[in-house]
Amino acid sequence: MNNITKIITLVVVILCCSCKTNIKKEVLPSKKQTVDYSKESNSDYNTRMEWWRNARFGIFIHWGVYSVPAGFHNEKEVKGVSEWIQKRGKIPVSEYEKYAKQFNPEAFNADAWAKLMKDAGMKYVVITSKHHDGFAMWDSKVSNYDIADFSPYKKDILKQLSTACKKEGIKFGLYYSILDWHHPKARYESYLKNRKEDKTPYKENFKIYFEDYMKPQLKEIITNYDPEILWFDGEWIKEFTHEQGKELYQYVRSLKPNIIVNNRVDKGRNGMRGMSKTDNDYAGDFGTPEQEILEKASALDWESCMTMNKSWGFKKSDHNWKSSKHLIHNLIDIVAKGGNYLLNVGPKETGVIPQPSIERLQEMGAWLKINDEAIYGTERLQNNYKQGDNIRLTKKKNKDILYAIILKKPTTTIVLKNIKPNTESSLYLLGHSQSLTWNYTEEKGLEIHIPNDLLNRWSETIYAWTFRINGKEL
Ligand code: GLC
């Protein structure tokens, strides 16, 4: 090869190589794209939230080591909710761990729990995977402070319950506390005590816990149990920041894009009212009023979480049970205002759900069997969610069907002011096959006539009557 041929060959080779690389660049898939979940479109958000909005009624389960002392330490009652006993009773970690060593819920029957929820008309569950005490209810690989390694029970509770719920068609959700009284790097008190040896500022310590413990634990529960909801709590601690909240939301969604996350993932919650402040792009898909119901209807997504007695976790001395009527009326009020009801039970250390909770759930289920269509898949009315104190209104989505739910025994004529029935449509009381007579005038509104024999069937355990009306809201 003479010099000229050599040069030509070299140029050809270089050209070919560069062409190849160009082709390669085009064909190779670009680096995995990261989606920014804070920029989700409204329509994607609505699609993701759809099942949750239709579900309306879920069960909250507070269960963990605190169900062992059940509100009593050294034979003395510790004031307040039972799951706070470690903190309120000033119980040192090593002493509290003794309760974890005793936690052995041999009577836990996941199938029976799932059946109970289903019969109660609950469409989803949120169970504490880890509460503030830091004890994990699954076999965590980043910790041995969990049900499989630390307690005599050895079996994975989340696995059993998620499997049972899937069988019954109940959506499975997990509560996870950001605050942790057990992890040495997450405990401010522990930092204060040990600051002579531990020179790391507590915010730095918290970051270590955040990255090396919390995130891996969340990854475990999301990949192992495929939850539909992540329900954060304990976000108020000062170590945890708004930036971390946003990062956490992004992290959880990147592990499971269609998961639904409550607003306690970030710092936007406005106290017990529970709705997020709107002024600082806070993360979270729905508001979490605690032990209260919003005063008025809201177009935002929200869920009231409430106890049946006072404590979330089981407490031996807590006998302050609300009546079934009270709980059913809460559900109706919440649904009419456009929210969901997350009603709590606190199982005992044995794995048994307290009898008063079971009775109430059964009574709610019996009411829902008749009145279900006024609750599930409904939406709030645009102008009036109620009439007076004793009537609540709901509407079937995308249909001209309205429901008037009466919370008290009516008189022979019920007058509804803001509803116009379709001409000659039939009007029913749910659970009663005979249609009712009615008349409508612009001045008087809709008058529904209730025959005496029907009126006489009202009893205290009816709780509420639902009238189904084909028509429109005025
Ligand atoms: C509170 C409590 C907690 C309970 C929770 C339920 O933030 O700290 O014990 O789990 O509310 O909403």
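A quick note: this is a predicted structure, and the numbers were derived from the prediction, not measured.

Chemist: Sorry if this is basic, but what is going on with the overall build of the protein here?
Modeler: A tally of regular secondary structure across the protein gives 12 helices and 19 strands. With respect to the three principal axes, the spread of C-alpha positions in the protein is 110 × 75 × 40 Å. Taking all 474 residues of the protein together, the buried fraction comes to 51%. Intrachain contacts of the protein at a sequence separation of at least 6 include 70% that bridge at least 24 residues. Counting every atom, the protein has about 22700 Å² of accessible surface; 52% of that belongs to carbon and sulfur.

Chemist: Would you explain the sheet that holds strand S17 (residues 438-441) in this entry?
Modeler: Spatially, the 3 strands line up as an open sheet ordered S14-S18-S17, and their pairing is antiparallel. The two strands at the open ends of the sheet, each matched to only one other strand, are strand S14 (413-416) and S17. Ignoring which end each strand starts from, the neighbouring axes of this sheet average 20° apart. Two elements, S17 and strand S18 (residues 445-449), share 4 bridges in a ladder whose sense is antiparallel. Residue pairing for S18: Trp438 is matched across the bridge by Ile448.

Chemist: Explanation requested: the site of the ligand in the structure shown.
Modeler: Every one of the 14 residues lining the ligand counts as a neighbour, but His62, Glu83, His131, His132 and Glu290 are closest to it. In the model, an oxygen atom of the ligand is placed 2.9 Å from a nitrogen or oxygen of the Trp84 side chain. In the complex, 95% of the free accessible area of the ligand, which totals 310 Å², lies under the protein chains. Of the residues belonging to the shell around the ligand, the class tally is 7 nonpolar, 3 polar and 4 charged.

Chemist: How should the environment of Val81 be read in this particular structure?
Modeler: Examined against the element boundaries, Val81 turns out to sit in the loop between strand S3 (76-77) and helix H3 (85-88). Each C-alpha atom of the pair Val81 and Gly338 lies 29 Å from the other, and the pair is 257 residues apart in sequence.

Chemist: Help me understand the domain arrangement of the protein in this model?
Modeler: The extent of an interface is frequently quoted as the accessible surface area lost upon association of the parts. Entries for the protein in the domain assignment read domain 1 (42-378) and domain 2 (386-473). At the junction of the two partners, domain 1 supplies 19 residues and domain 2 supplies 17 residues. Between domain 1 and domain 2 the total buried area reaches about 1600 Å² when both faces are included, carbon and sulfur atoms providing 57% of it. Residue Glu460 pairs with Lys325 through a salt bridge whose shortest N-O separation is 3.5 Å.

Chemist: Would you mind showing me how to read the sheet that holds strand S1 (residues 57-61) here?
Modeler: Strand pairing in a sheet relies on backbone hydrogen bonds. The paired strands run either parallel or antiparallel. Pairing is parallel in the open sheet, where 7 strands are placed in the order S7-S6-S5-S4-S1-S9-S8. In this open sheet, the two strands that pair with only one neighbour each are strand S7 (260-261) and strand S8 (303-306). Two elements, S8 and strand S9 (residues 340-345), share 4 bridges in a ladder whose sense is parallel. Each residue of the ladder has a partner; that of Met306, found in S9, is Leu343. Seen against the sheet, helix H8 (residues 202-225) touches strand S4 (124-130), strand S5 (171-177) and strand S6 (229-233) and runs at an angle of roughly 170° to S5.

Chemist: Any chance you could explain the environment of Glu303 here in plain terms?
Modeler: Summarising the element assignment, Glu303 is placed in strand S8. Taking relative accessible area as the criterion, Glu303 reaches 0% and is therefore assigned buried. Along the primary structure Glu303 and Lys39 are separated by 264 residues, whereas in three dimensions their C-alpha atoms are 23 Å apart. Sequence-distant contacts of Glu303, that is, excluding residues within four places in its chain, are made with Trp52, Tyr124, Trp231, Phe286, Gly287, Thr288, Pro289, Asn340 and Leu342. There is a polar contact of 2.7 Å between the side chain of Glu303 and the side chain of Tyr124. A polar side-chain atom of Glu303 sits 2.9 Å from a polar atom in the side chain of Trp231.

Chemist: Would you explain the packing of aromatic side chains in this entry?
Modeler: Aromatic rings in a pair are described by how distant their centres are and how their planes are angled relative to each other. What the rule picks out here adds up to 24 aromatic pairs. Pairwise contacts between aromatic rings join Trp63, Phe103, Phe108, Trp113, Phe135, Tyr145 and Phe150 into one cluster. Its guanidinium or amino end placed over the ring of Tyr45, Arg53 lies 5.4 Å from that ring's centre, counting from NZ or CZ.

Thresholds, definitions, all that
Residues numbered from 1 in each chain as written. Predicted model: local features only at pLDDT ≥ 70, side-chain atom pairs only at ≥ 80, totals over all residues. Heavy atoms only, no water. Helix = DSSP H or I, 4+ residues; strand = E, 2+ residues; numbered from the N terminus. Buried < 20%, exposed > 50% of the residue type's maximum accessible area, 1.4 Å probe, protein only. Contact = heavy atoms within 4.5 Å. Areas by Shrake-Rupley, 256 points an atom, 1.4 Å probe, with all protein chains shown as cover. Pairing = 2+ DSSP bridges. Axes fitted to C-alpha atoms, helices over the stretch in contact; angles between N-to-C directions. Near = heavy atom within 4 Å. Polar contact = N/O pair within 3.5 Å; in protein donor to acceptor, adjacent residues only side chain to side chain. Nonpolar A, V, L, I, M, F, W, Y, C, P; charged D, E, K, R; others polar. Domains from an automatic or database assignment. Buried area = accessible area lost by both parts, 1.4 Å probe. Salt bridge = Lys/Arg side-chain N within 4 Å of Asp/Glu carboxyl O. Phe/Tyr/Trp six-rings, centres within 6.5 Å; stacked < 30°, edge-to-face > 60°. Lys NZ or Arg CZ within 6 Å of the ring centre and 35° of its normal.

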